[in-house]
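# Chains, contacts and geometry: an overview
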Amino acid sequence: MPALESFVPLIGFVLLVLVVLLVTAPDRRAQLLKLHATAGNIAHLRHRPREALLGVFTLKRAVYAVVLLCLVSYIWTYQSLKSEIRVLLAEKEIEGVAVGSLVMPYSAFFRSEYVADAGFSKSRKRTRADISVSGRLWSGFDLHISEIELAKVSKIVGKAFVFSYLTDVKILRPAIDRHMKRLVRNKQIDAFQIETFDNRGPYMLVVLNEKNRGKDVKAVATEIAESLHTNLTKTRKLKVNQVVVKVVDPEPFNKTKRVKVLGRGKAGQY
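Now for a quick tour of the structure. (Residues numbered from 1 in each chain as written. Predicted model: local features only at pLDDT ≥ 70, side-chain atom pairs only at ≥ 80, totals over all residues. Heavy atoms only, no water.)

Now for the pattern of salt bridges. Using the criterion set out here, one finds 8 salt bridges in the structure. A salt bridge links E113 to R264, with the shortest nitrogen-to-oxygen separation between them at 2.9 Å. Taken together, the residues E113 in strand β2 (residues 113-122) and R264 in strand β8 (residues 261-268) connect sequence positions 151 residues apart. Using a relative accessible area of 21% as the deciding quantity, one classes R264 as partly exposed. (Salt bridge = Lys/Arg side-chain N within 4 Å of Asp/Glu carboxyl O. Helix = DSSP H or I, 4+ residues; strand = E, 2+ residues; numbered from the N terminus. Buried < 20%, exposed > 50% of the residue type's maximum accessible area, 1.4 Å probe, protein only.)

Put into structure tokens, the structure is as follows:
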């Protein structure tokens, strides 16, 4: 989780917004009087009848509360994500780079997967790169940056970047198919599909066998990813950096191929 000082801008911004709204309101005198009266009413809520209590919670106040909640959740996600990106850069051994502005969906707080456009700078050099974000604020983020995007960031610090390459996809596909069909025969999974490849490796969609559906989905997905990664890299001596396995809900997937991810696991390093 980010340090407490990361939230100082958030708290200051929220307070500033509230002050500006109050100062610029045409009826601010009436609002101050109403605020004073509300404060006195709240102190005596337990002595008031239910009708009077419900009168405090008006539709207008509910709308203000929802807007403020959305604003706070967005800025909280924004600050937390910036802290996580700094950690990601440290893991990639890129030092001295400042993380600037982020461009991310307004609904990022409520989404489990999205792409954030991050700005980076060092001295007068600046660049932007896409960061793939999965996970949620309360459960922890899982960030990924492709080699192409990482090369952009490395360039502004004057660091040469060496790309790592995969074995040709035409060779990887049949090798993956053979291994995954073996898991189907062993009744570990009922179905699988190669979702995509990137410079890290394959992304797999799998439907678990019924006997595995009651288990920890993330643990099972990680076990499948590790078995595939080991088979490709150690048994077949192919070049794969990482394998990602997404366990999907069987009912919509079997009927319409619609993907609803229940959990994910990964193996390898990138």
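Following the criterion strictly, the structure yields 5 aromatic pairs and no others. Counting every residue linked through ring pairs, the aromatic cluster contains W76, F109, F110 and W138. (Phe/Tyr/Trp six-rings, centres within 6.5 Å; stacked < 30°, edge-to-face > 60°.)

What follows deals with helix α5 (residues 147-156). Those residues of α5 that sit buried are E147, E149, L150, V153, S154 and I156. Check the buried side of α5 and you find it contacts α4 (59-91), β2 and β3 (125-136). Following α5 by one or two positions, G158 has its phi on the positive side, about 70°. (Contact = heavy atoms within 4.5 Å.)

Our next topic: the sheet that holds strand β6 (residues 202-208). Working definition: the strands of a sheet are paired by backbone hydrogen bonds and lie parallel or antiparallel to each other. With respect to topology, 4 strands assemble into an open sheet ordered β5-β6-β7-β8, the strand pairing being mixed. Edge positions in the sheet fall to β5 (189-197) and β8, since each has one partner strand and no second. Averaged over all adjacent pairs, the angle separating strand axes in this sheet is 20°, with direction ignored. Pairing of strand β7 (residues 242-248) with β8, which is carried by 7 bridges, proceeds in the antiparallel orientation. (Pairing = 2+ DSSP bridges. Axes fitted to C-alpha atoms, helices over the stretch in contact; angles between N-to-C directions.)

Okay, the sheet that holds β2 next. If you trace the 4 strands from one edge of the open sheet to the other, you get β1-β2-β3-β4, paired in antiparallel fashion. At either margin of the open sheet sits one strand with a lone partner, and together these are β1 (98-103) and β4 (140-144). Pairwise comparison of adjacent strand axes, ignoring direction, gives a mean angle of 40° for this sheet. Two elements, β1 and β2, share 4 bridges in a ladder whose sense is antiparallel. The residue of β2 that forms the bridge with V103 is D117. The sheet contacts of α4 involve β1, β2, β3 and β4, and relative to β1 the element is tilted by about 135°.

Quick look at the pairing of β7 now. Here β7 lies mainly inside the structure; 7 of its 7 residues are buried. On β7, burial covers both faces: Q242, V244, K246 and V248 on one face and V243, V245 and V247 on the other are all buried. With 4 bridges joining them, β6 and β7 adopt parallel strand pairing. Bridging across to β7, Y203 finds its partner in V244. Since β6 and β7 lie parallel, the crossover through helix α7 (residues 217-235) that links them has a hand, and here it is right-handed. (Right-handed = clockwise from strand over helix to strand, strands pointing away.)

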